[in-house]
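Coordinates in review
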Amino acid sequence: MRKFLLSLLFLLVSCEAFGAQTTSEAFMSLPFGHTFERTQKRMTNSGATVLVPRKDSLTMEGKFEGYQATFIFGFHKKKLLKSKAVYLQSVGNVEGDRKFYEALRGGFNATYGTAKETPTASTRKNGKLILRNVWTPDRYTTITLTYNPEASKRFPGNSISEKFIQLIYKYDKWDK
């Protein structure tokens, strides 16, 4: 089962298909430099709905591998995609959430090299620890995977801090 999940994640991460069919595939294959309109259209075509459209950011809601997800996209002043993040809400299965996190982490480690899992104090809740992994596939790109075991409960709130997985991609070539 674990090999299957890792294989599935690897395919998802390396997916380059333009017309991805699920929100997971659309999110993972969105290249930096996409315009606001193309990003919104691609995610909408994959089943996501727009929550907050702004000039420099776009917030959408959809599914990511069966989990309820909030997608947040950041754009450079010339309206090119420069960051993308997905925040996943737990379905209340602590063991399942942990296995999904391990599968994500394993897929990224297989693709970008092993990242050290670092326990870090939560910036949103005092006294709570989160697990953070950071990969830098090139000098401009940073990928951060954060797991919050405290958020694996039955009915978490809608706050970003109450999501059990946060996956953030940042591209800073244009900021330098």
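First, a word on scope: everything that follows refers to the structure included in this document. (Residues numbered from 1 in each chain as written. Predicted model: local features only at pLDDT ≥ 70, side-chain atom pairs only at ≥ 80, totals over all residues. Heavy atoms only, no water.)

1. Points about the pattern of salt bridges
For clarity, the cut-off: Salt bridge, as used here, is a side-chain nitrogen of Lys or Arg placed within 4 Å of a carboxyl oxygen of Asp or Glu. Secondary structure elements are defined from DSSP: runs of H or I of at least 4 residues count as helices, runs of E of at least 2 residues count as strands, and each element is numbered from the N terminus. Each residue gets one of three labels from its accessible area relative to the maximum for its type: buried under 20%, exposed over 50%, partly exposed in between, using a 1.4 Å probe on protein chains only.
The full count for this structure, using the stated rule, is 4 salt bridges. One salt bridge in this structure joins R98 and E102, with 3.0 Å as the shortest N-O distance. A residue pair is termed a helical-turn pair when its members lie 3 or 4 positions apart in one helix, as R98 and E102 do in helix α4 (residues 94–112) at 4 residues. Of the residues examined, R98 reaches a relative accessible area of 32% and is grouped as partly exposed. A salt bridge links R105 to E117; the shortest N-O distance between them is 3.8 Å. Taken together, the residues span a long stretch of sequence, with R105 in helix α4 and E117 in the loop between α4 and β5 (118–121) at a distance of 12 residues. Put simply, R98, E102, R105 and E117 are held in one network by salt bridges that share partners.

2. Brief notes about α4
Our working rule: To estimate how far a helix should reach, multiply one less than its number of residues by 1.5 Å. Any pair of nitrogen or oxygen atoms within 3.5 Å is treated as a polar contact; in protein, a donor-acceptor pairing is required on top of that, and neighbouring residues in sequence qualify only through side-chain atoms on both sides.
Here α4 spans 27 Å end to end across 19 residues, near enough to the 27 Å set by a 1.5 Å rise per residue. All buried positions along α4 are accounted for by D97, F100, Y101, E102, A103, L104, R105, G106, G107, F108 and N109. Where α4 begins, the capping side chain belongs to N93, and its oxygen is found 3.2 Å from the backbone nitrogen of E95. Backbone geometry just after α4 places G113 at a positive phi near 95°.

3. Things to note about the nonpolar core
As a reminder of what qualifies: Take the buried Ala, Val, Leu, Ile, Met, Phe, Trp, Tyr and Cys residues and link them wherever side-chain atoms come within 4.5 Å; each set so joined is a nonpolar core. We call two residues contacting when some pair of their heavy atoms lies within 4.5 Å.
In this structure, F27 and F73 are the most contacted members of the largest nonpolar core, which totals 33 residues. The greatest single-element share of this core, amounting to 5 residues, is contributed by strand β3 (residues 67–75). In contact with F73, other than residues within four places in its own chain, are F27, L30, T39, M43, D56, S57, L58, M60, L81, S83 and K84.

4. Notes on the environment of V52
With respect to the helices and strands, the residue V52 is situated in strand β1 (residues 49–53). Assessed through its relative accessible area of 30%, V52 is described here as partly exposed. Contact partners of V52, with chain neighbours within four places excluded, come to S57, L58 and T59.

5. Digging into the packing of aromatic side chains
Applied cut-off: Each Phe, Tyr or Trp ring, with Trp reduced to its six-membered ring, pairs with another whose centre is within 6.5 Å; inter-plane angles below 30 degrees give stacked pairs, above 60 give edge-to-face pairs, and intermediate values give tilted ones. Definition used: whenever NZ (Lys) or CZ (Arg) falls within 6 Å of the ring centre and also within 35 degrees of the ring normal, the charge is taken to sit over that ring.
For the structure on display, the rule yields 14 aromatic pairs. Among the aromatic residues, those joined into a cluster by ring pairs are F27, F64, F71, F73, F108, Y112, W135 and Y169. The positively charged end of K84 is found above the aromatic ring belonging to F27, 5.2 Å away from the centroid. Above the plane of the ring of Y169 lies K84, whose end atom (NZ or CZ) is 4.8 Å from the centre.

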